[in-house]
Amino acid sequence: MRDKLAIFDMDGTLIDTCRVNFKSYQAALAEENIELTYEYFKRECFGKGYKDYLPPIIGDDKEMLERVHKRKIGLYKDYIDEAKINFALLDFIKSMKASYYMALVTTASKENVYNMIESFELTDDFDLVLTAQDIPKHKPDPQGFLMAMDQLKIPPERTVIFEDSEVGIKAALSSGASVLRVEKM
């Protein structure tokens, strides 16, 4: 019987999607005649919500913000081959499945999450998947992690969260669960 919960972030923890996200945003911004470098994206954008990092790039144009974000989602599949799975963590997931519920909690869009996990044939590895569309408050708020615990009826003291970003770590610690930081894939 499973009586524990392991929660995994996707971007940068389970799957290295940095180049996928960068190339998708770079192409979407190029359509608006805005240049985006990989160095800037890694330093200022990756691991954060688009509403936080796009305004310094594009300004206060809310229509452009949503247009660029929607276009990025549409372009994501074109660059999915740039993703790299964290095989060590995937092996860990498979070995823990007998005693842990497995949840994927991410601020990525539902469409991109399912494109990614289907691409790596991970759909059956998770008992619950929560995405940006499912979680009203995003990291650093712990709401997504707390929602997973609530839905799977596992308390924080029986939960471990795997995260990589500062905002994700902050959210995970605020949830009351144990936290394991993924530094490098």
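In this report, the structure presented in the accompanying data block is examined.

Conventions used here
- Residues numbered from 1 in each chain as written.
- Predicted model: local features only at pLDDT ≥ 70, side-chain atom pairs only at ≥ 80, totals over all residues.
- Heavy atoms only, no water.
- Pairing = 2+ DSSP bridges.
- Helix = DSSP H or I, 4+ residues; strand = E, 2+ residues; numbered from the N terminus.
- Axes fitted to C-alpha atoms, helices over the stretch in contact; angles between N-to-C directions.
- Contact = heavy atoms within 4.5 Å.
- Phe/Tyr/Trp six-rings, centres within 6.5 Å; stacked < 30°, edge-to-face > 60°.
- Buried < 20%, exposed > 50% of the residue type's maximum accessible area, 1.4 Å probe, protein only.

A few points about the sheet that holds strand 4 (residues 100-105)
Item 1. Across the sheet, five strands lie side by side as 5-4-1-6-7; this open sheet has parallel pairing. Of all the strands in the sheet, the pair left with one neighbour each is strand 5 (128-130) and strand 7 (178-181). Adjacent strand axes in the sheet meet at a mean angle of 20°, parallel and antiparallel pairs treated alike.
Item 2. As paired elements, strand 1 (residues 4-8) and strand 4 share five bridges and run parallel to each other. When the sheet's bridge partners are listed, Ala6 is paired in strand 4 with Met102.
Item 3. Contacts from helix 8 (residues 143-152) reach strand 1, strand 4, strand 5 and strand 6 (159-163) within the one sheet, and its direction differs from that of strand 5 by about 150°.

Thoughts on the packing of aromatic side chains
Item 1. Applying the stated criterion across every chain yields a total of eight aromatic pairs.
Item 2. When the centroid spacing of 4.6 Å and the interplanar angle of 10° are considered together, the rings of Phe8 and Phe162 count as stacked. Of this pair, Phe8 sits in strand 1 while Phe162 sits in strand 6, and the two are 154 residues apart along the sequence.
Item 3. A residue is classified by how much of its surface remains accessible, and Phe8, at 0% relative accessible area, is buried.
Item 4. Residue class for Phe162 comes out buried when judged on its relative accessible area of 5%.

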